[in-house]
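# Overview (structure and organization)
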Amino acid sequence: MMDRRGLIVGNFDTAKYGFTMSKLSLSTPQAFEDWVEVEGMDGCLDFSEAAAGYPLYQIRRLEAVFELSEGNLASREMIITEFIRSVHGKKCTIIHPNHGGKLLKGRVQLSKDFSNLAHAQVTLTAVCQPWFLEPHRDFLELPILDRSHNRITYTNTEFLAELSSCEGGTIGDTESVTVSLVTTAASIHTYAVFRVTLEANETYYLSGRMLNKGYWRASNAPQMPDAFSPIVQTGQDGYLYIFVVRLQSYAPVNLLDIVCVPSYEAQILKNGSFPTPLLCSKNTPISVLVSVNGVSKMHHTSSPELYARSGDIPVLAFRHDTSDEESYETISFERRWLE
């Protein structure tokens, strides 16, 4: 006998409860686009990947229609009620029959279309993340660095007005912010440049969290690099340049929580040595700074999720550790796919 085709939504297996799936559709997630018209040039400039350095995708929608004809009206009503209690309105994992070994994550809604003496029909809709995830996990322990290892301070950071088409400066240090760089110009796609004096001929890893709409780049030369890299090697002069770029015409754009450590101190997982995405769990309620491609993905969060695409370079080693003993962060990995 052929197995009944269905969905597994959370812990509810529609096939085992006797549902027959008469309709199943899953939309392809659309990529976000950002096109800017510039007077005097043909076409438009494509800034779709400017902020993150890679494509970003919208949600995808799943719809399934189930029919139930086994048993009598009362027994079918009990099964439908159990289905509703189990998943309706909840964020669930969904195992799709056409994508074996992978699952979706989304918020589920159920509607009982009809229920009569002959049969019943239920429609399931879900707004899902764009990615399929592999349900298996691997684990890794990574050493933790105290944030006092940071090489960027206000004393060695200088705003370079002559290299910038907007104003810039620094704002006050706090317990949770190591260094903050801010650009205050009103025009989009202008930038402020900050020069940091570090050790000569040394490789550094940088991380920073953006406040408001903008992005940042780092280079060992006073020219904006074409692509983002969280790893920068200084030259004979020991200089490192940070470019803070505006993508909005209002409110200051800040680069917060900048962390810069020599690569030999950081735990760097390079492309090919990790599956994607990464799901990070904390062991202690202490401020965490974890980054992918130099952008911090979580702060002061008890159950954070950290995503990395193929080709990204995540660093999972920064935490303010108040103890004198050596400690580690436990990281779990899941692989994700766009299909």
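The structure displayed is predicted, hence computed values, not measured ones. (Residues numbered from 1 in each chain as written. Predicted model: local features only at pLDDT ≥ 70, side-chain atom pairs only at ≥ 80, totals over all residues. Heavy atoms only, no water.)

### Concerning the sheet that holds strand E15 (residues 191-197)
Pairing is antiparallel across the open sheet formed by four strands, whose spatial order is E12-E15-E19-E17. Every other strand in the sheet has two partners, leaving strand E12 (157-159) and strand E17 (214-219) as the edge strands with one partner each. In this sheet, neighbouring strand axes are inclined to one another by 25° on average, regardless of whether the strands run parallel or antiparallel. Relative to strand E19 (residues 239-246), E15 runs antiparallel, the two being bridged by seven bridges. Across the sheet, the residue bridging to Phe194 is Ile242, located in E19. (Pairing = 2+ DSSP bridges. Helix = DSSP H or I, 4+ residues; strand = E, 2+ residues; numbered from the N terminus. Axes fitted to C-alpha atoms, helices over the stretch in contact; angles between N-to-C directions.)

### Description of the packing of aromatic side chains
Throughout the structure, instances matching the rule amount to 11 aromatic pairs. What links up through ring pairs into an aromatic cluster is the set Phe12, Tyr17, Phe19, Phe66 and Phe83. Note that Arg195 overlies the ring of Tyr239, its terminal NZ or CZ placed 4.5 Å from the centroid. (Phe/Tyr/Trp six-rings, centres within 6.5 Å; stacked < 30°, edge-to-face > 60°. Lys NZ or Arg CZ within 6 Å of the ring centre and 35° of its normal.)

### Re the environment of Ile152
In this fold, Ile152 is placed in the loop between strand E11 (138-143) and E12. For the pair formed by Ile152 and Val259, sequence separation is 107 residues and the distance between their alpha carbons is 6.8 Å.

### Brief notes about the confidence of the model for the protein
Scored by pLDDT, the protein comes out at a mean of 79, with 71% of its residues at no less than 70. Counting contacts from residues 282-286, a segment whose pLDDT is below 50, to residues more than four positions away or on other chains yields 12 contacts. (pLDDT = per-residue confidence, 0-100. Contact = heavy atoms within 4.5 Å.)

### A word on helix H1 (residues 73-87)
Here H1 contains 15 residues, and its C-alpha end-to-end distance of 22 Å stays within 8% of the 21 Å for a straight helix at 1.5 Å per residue. In this structure Asn72 caps H1, since a side-chain oxygen of it lies 3.2 Å from the backbone nitrogen of Ala74. Backbone geometry just downstream of H1 places Gly89 in the positive-phi region, at approximately 80°. (Expected span 1.5 Å × (residues − 1). Polar contact = N/O pair within 3.5 Å; in protein donor to acceptor, adjacent residues only side chain to side chain.)

### Considering the sheet that holds strand E9 (residues 120-128)
Pairing within the open sheet is antiparallel, and its seven strands lie in the order E2-E1-E7-E8-E9-E6-E3. Since the sheet does not close on itself, it has two edges, and those belong to strand E2 (12-13) and strand E3 (20-26), each with one partner. Two strands pair when backbone bridges link them, and strand E8 (residues 104-115) and E9 are joined in this way by nine bridges, in the antiparallel orientation. In the sheet register, Lys112 faces E9, and the bridge partner there is Val122. On the sheet, H1 packs against strand E1 (8-9), E2, strand E6 (60-68), strand E7 (91-95), E8 and E9 and is oriented at approximately 155° with respect to E8.

### As for the pattern of salt bridges
Tallied over the entire structure, the rule returns five salt bridges. Of the charged contacts in the structure, one is a salt bridge between Glu265 and Arg151, with a shortest N-O distance of 3.3 Å. Separated by 114 residues along the polypeptide, Glu265 in the loop between strand E20 (253-262) and strand E21 (278-280) and Arg151 in the loop between E11 and E12 bring together distant segments of the chain. What makes Glu265 partly exposed here is its relative accessible area of 22%. With a relative accessible area of 23%, Arg151 lands in the partly exposed category. (Salt bridge = Lys/Arg side-chain N within 4 Å of Asp/Glu carboxyl O. Buried < 20%, exposed > 50% of the residue type's maximum accessible area, 1.4 Å probe, protein only.)

### Some words on the state of the cysteines
Scanning all chains against the criterion turns up zero disulfides. Cysteine Cys128 shares no disulfide, and the gap to the nearest cysteine sulfur, in Cys92, comes to 9.8 Å. Since its relative accessible area comes to 1%, Cys128 is described here as buried. (Disulfide = S-S within 2.5 Å.)

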